[in-house]
Amino acid sequence: MIDSAKKLLDAVTDKLGDPSKTRLLKGGFNSGSYPSLPGLLETQNEVFLSLRTASSDSKGMLTGMGFFLGSIFMLTFLLLLLSGDVSTSRWWILFMAVVSITAPIIWETRRPAMLPIIFNRRTQEIYYDLKGQLYHAIWDDIEAVAYEYMMVNPNSGAIPHGSLEIILQKFGEPKTRIALNLSGMPAGKRLPTLVSMWEYLRRYMINGPWFDEAGRQTAKKSEFVEKTLKAGQESFLDQVRSERLYLAHERQEGNGISGTAVFLWLGSFVLLPMAYGMECIQRIDRRKSRSEWPDVVRQRLERDGPRTRLTDIEESYLAQKEKEEQQKQRDLEELHERMRRVLPK
C-alpha cells in the first residue's frame, strides 16, 4: 500500500522511467506557476472549495438516454395524432414515452449522491467520500504528486495524459490510505497544467478565498475567480447550447457557412433532450450532496461550525459511536426479553 506522496512519486517515476515528467508539490511552498482552473471546480466561498469528481460529471447519463428515447416516442405520438390515426398503438407509444422519461429519473434520484472533494479552508482539511467511507487529510505539510505520460493510439496518435494525486487516510482507520486524483479526466493534461491546478488550490487554502490571476490576495471575489467558477460549472447542457453559436458567428463573419457549423447546429437539437435529462439529475445530486455528508463534516462546513479537525476528534468520536451502538444493542435485547415474557408460550 502506498501511504505517502513520496512513495507514490517513487512508484510513478519507476513506472514512467522519466523523472522530468513527475513533480512533488508541497502545500507550504510556491510551485512557481500561476494558478489556473483546478479540474472540475464546483463551489468556492470563504469556508470551503469543492471539486466534482470525474464520475459525478457523467451521472444522469441513463436519464439523458431516457429523455432522448422519450422525445422520439413523444414526437412519433404527436405525428400519429396529427395524422388522424385512431389505432390503440399510439397510446402505447405515449406510454413508452412516459416510462422512458420517468423510470430512469426515479431510479437515479433514489441512488446516493456523488459527493465532491472538499477543501475546508477554515479547518485546513480535505474530505472525500469513497463508497460511504470518509477519507480525510490535514493541509499542513501536505504533498501532491503531478505526473504526465503519453497514450499511443493507432487512430489518434500520441495523446498526453496527466494526473494530480494526494494521499488521504480513512476516518477511524488512519493506516488505511488511498491516492485521490484531483485533476479529473487525465486526457489532455500536461505537467505545467497540473502544477497550475495545484497552485490554485494552494492559494485558496493559504492566501484566502479570493485572489487574482497572479495569485495575489484580493478583498473580494476577483474577475479571475468569477471566470474560473463559471468555466468549472459549465455543464453538458451549456456545451450543447453553445454549439448553436458557431452558425451565428459564421453568419456575422460573412464568409459563408461551413458544414461543421451546420453539423454542430443540428447536433445541438438532437442532443438537447439528453443534455437536459443529465442536467436535471446533476442539479438534484448537488442539492442532496450536502445533507449526505456525515455530521462531523457537515458541521465543519458551516460558517460558525467547530474548528477542530477530524484527527482531533477521531478517537473520542469513534468511542462515542461504539457506546451508542452498544446501548442500542442492550435496548434491543431488553425489548426481546419483555416480548418473550408477554407473549404466550
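Our subject is the structure listed above.
In this report, we go over the structure that sits alongside the text. In this text the structure is predicted, and so the values were computed from the model without any measurement.

What counts, and where the lines are drawn
Residues numbered from 1 in each chain as written. Predicted model: local features only at pLDDT ≥ 70, side-chain atom pairs only at ≥ 80, totals over all residues. Heavy atoms only, no water. Helix = DSSP H or I, 4+ residues; strand = E, 2+ residues; numbered from the N terminus. Rg over C-alpha atoms; globule rule 2.2 N^0.38 Å. Contact = heavy atoms within 4.5 Å. Areas by Shrake-Rupley, 256 points an atom, 1.4 Å probe, with all protein chains shown as cover. Pairing = 2+ DSSP bridges. Phe/Tyr/Trp six-rings, centres within 6.5 Å; stacked < 30°, edge-to-face > 60°. Buried < 20%, exposed > 50% of the residue type's maximum accessible area, 1.4 Å probe, protein only. Patch = residues over 30% accessible without salt bridge, like charges linked within 9 Å, V, L, I, M, F, W, Y side chains within 5 Å. Salt bridge = Lys/Arg side-chain N within 4 Å of Asp/Glu carboxyl O. Lys, Arg positive; Asp, Glu negative; His and termini not counted. Polar contact = N/O pair within 3.5 Å; in protein donor to acceptor, adjacent residues only side chain to side chain. Expected span 1.5 Å × (residues − 1). Arc of directions from axis to C-beta. Core = buried A, V, L, I, M, F, W, Y, C linked by side-chain atoms within 4.5 Å. Axes fitted to C-alpha atoms, helices over the stretch in contact; angles between N-to-C directions. Parallel < 35°, antiparallel > 145°, perpendicular 65-115°, else oblique. Left-handed = near helix turned anticlockwise from the far one by under 90°. Nonpolar A, V, L, I, M, F, W, Y, C, P; charged D, E, K, R; others polar.

Once that is clear, we can look at the overall build of the protein. Secondary structure assignment for the protein yields 11 helices and 9 strands. Compactness check: the protein gives a C-alpha radius of gyration of 26 Å against a globular reference of 20 Å for 345 residues, more than 25% above the reference. Over its C-alpha atoms, taken along the principal directions, the protein stretches across nearly 80 × 70 × 45 Å. Within the protein, contacts between residues at least 6 apart in sequence are counted, and of these 67% link residues at least 24 apart. Counting only carbon and sulfur atoms, one obtains 57% of the accessible surface of the protein, whose full area is about 20000 Å².

Attention now goes to the pairing of strand S2 (residues 41–44). Consecutive side chains along a regular strand alternate between the two faces of the sheet. Alignment of S2 against strand S3 (residues 48–51), held across 3 bridges, turns out to be antiparallel. Counterpart to Leu-41 in the pairing with S3 is Leu-51. From the end of S2 to the start of S3, which pair antiparallel, there are 3 residues.

Remark: the centre distance and the inter-plane angle together describe each pair of aromatic rings, the angle taken between the planes. Taken as a whole and assessed by the stated rule, the structure comprises 9 aromatic pairs. With 6.1 Å between their ring centres and 50° between their planes, Phe-67 and Tyr-276 make a pair best called tilted. With Phe-67 in helix H3 (residues 61–82) and Tyr-276 in helix H9 (residues 259–289), this pair connects stretches of sequence that are 209 residues apart. Both rings, one in Tyr-147 and one in Tyr-149, keep their centres 6.2 Å apart while their planes meet at 25°; by these two values the pair is stacked. We classify Tyr-149 as partly exposed; its relative accessible area is 25%.

Judged by side-chain polarity, Trp-92, Phe-95, Met-96 and Val-99 come together as a nonpolar surface patch covering roughly 410 Å² of accessible area. Topologically, Met-96 is positioned in helix H4 (residues 89–109). Judged by relative accessible area, which is 36%, Met-96 ranks as partly exposed.

Take the side chain of Glu-165 next. By the secondary structure assignment, Glu-165 is in strand S8 (residues 157–170). One buried charged side chain, Glu-165, makes no salt bridge at all; its nearest oppositely charged neighbour is Lys-15, positioned 9.7 Å away. Of note is the side chain of Glu-165, whose polar atom sits 2.7 Å from the side chain of Tyr-147. Those residues in contact with Glu-165 that sit more than four places away from it in its chain are Leu-8, Glu-143, Ala-144, Val-145, Tyr-147, Ala-179, Leu-180 and Asn-181.

The periodicity of an α-helix, 3.6 residues per turn, causes residues three or four places apart in sequence to face the same way. Spanning 12 residues, helix H1 (residues 5–16) covers 16 Å between terminal C-alpha atoms, matching the ideal 16 Å at 1.5 Å per step. Every buried residue of H1 is listed here: Ala-5, Leu-8, Leu-9, Val-12 and Thr-13. Buried residues along H1 cover an arc of 130° about the axis, so they all sit on one side. Every exposed residue of H1 that faces more than 90 degrees away from the buried side is listed here: Asp-14 and Lys-15.

A separate point is the nonpolar core. Formed by 34 residues in total, the largest nonpolar core has its most connected members in Phe-119, Leu-164, Ile-166, Leu-168, Leu-182 and Trp-198. Among the elements that line this core, the one with the most residues is helix H5 (residues 191–206), at 9 residues. Residues in contact with Phe-119, not counting those within four places in the same chain, are Val-47, Phe-48, Leu-49, Leu-51, Glu-125, Ile-126, Trp-139, Leu-182, Leu-201, Tyr-204 and Met-205. Membership of the second largest hydrophobic core comes to 14 residues, among which are Leu-115, Tyr-127, Val-296 and Leu-310.

This next bit is on the environment of Tyr-128. By the element assignment, Tyr-128 lies in strand S5 (residues 125–130). Residue contacts for Tyr-128: discarding those within four places in its chain leaves Thr-53, Ile-117, Gln-133, Leu-134, Tyr-135, Leu-168, Ile-178, Leu-180 and Trp-293.

Turning our attention to the packing of H3 against H4. Running from N to C, H3 and H4 point in directions that differ by 165°, and their axes come no closer than 8 Å. By the angle class used here, H3 and H4 are roughly antiparallel. When you trace H3 past H4, the crossing you get is left-handed. Grouping the amino acids of the contact of H3 with H4 by side-chain chemistry returns 18 nonpolar, 5 polar and 2 charged.

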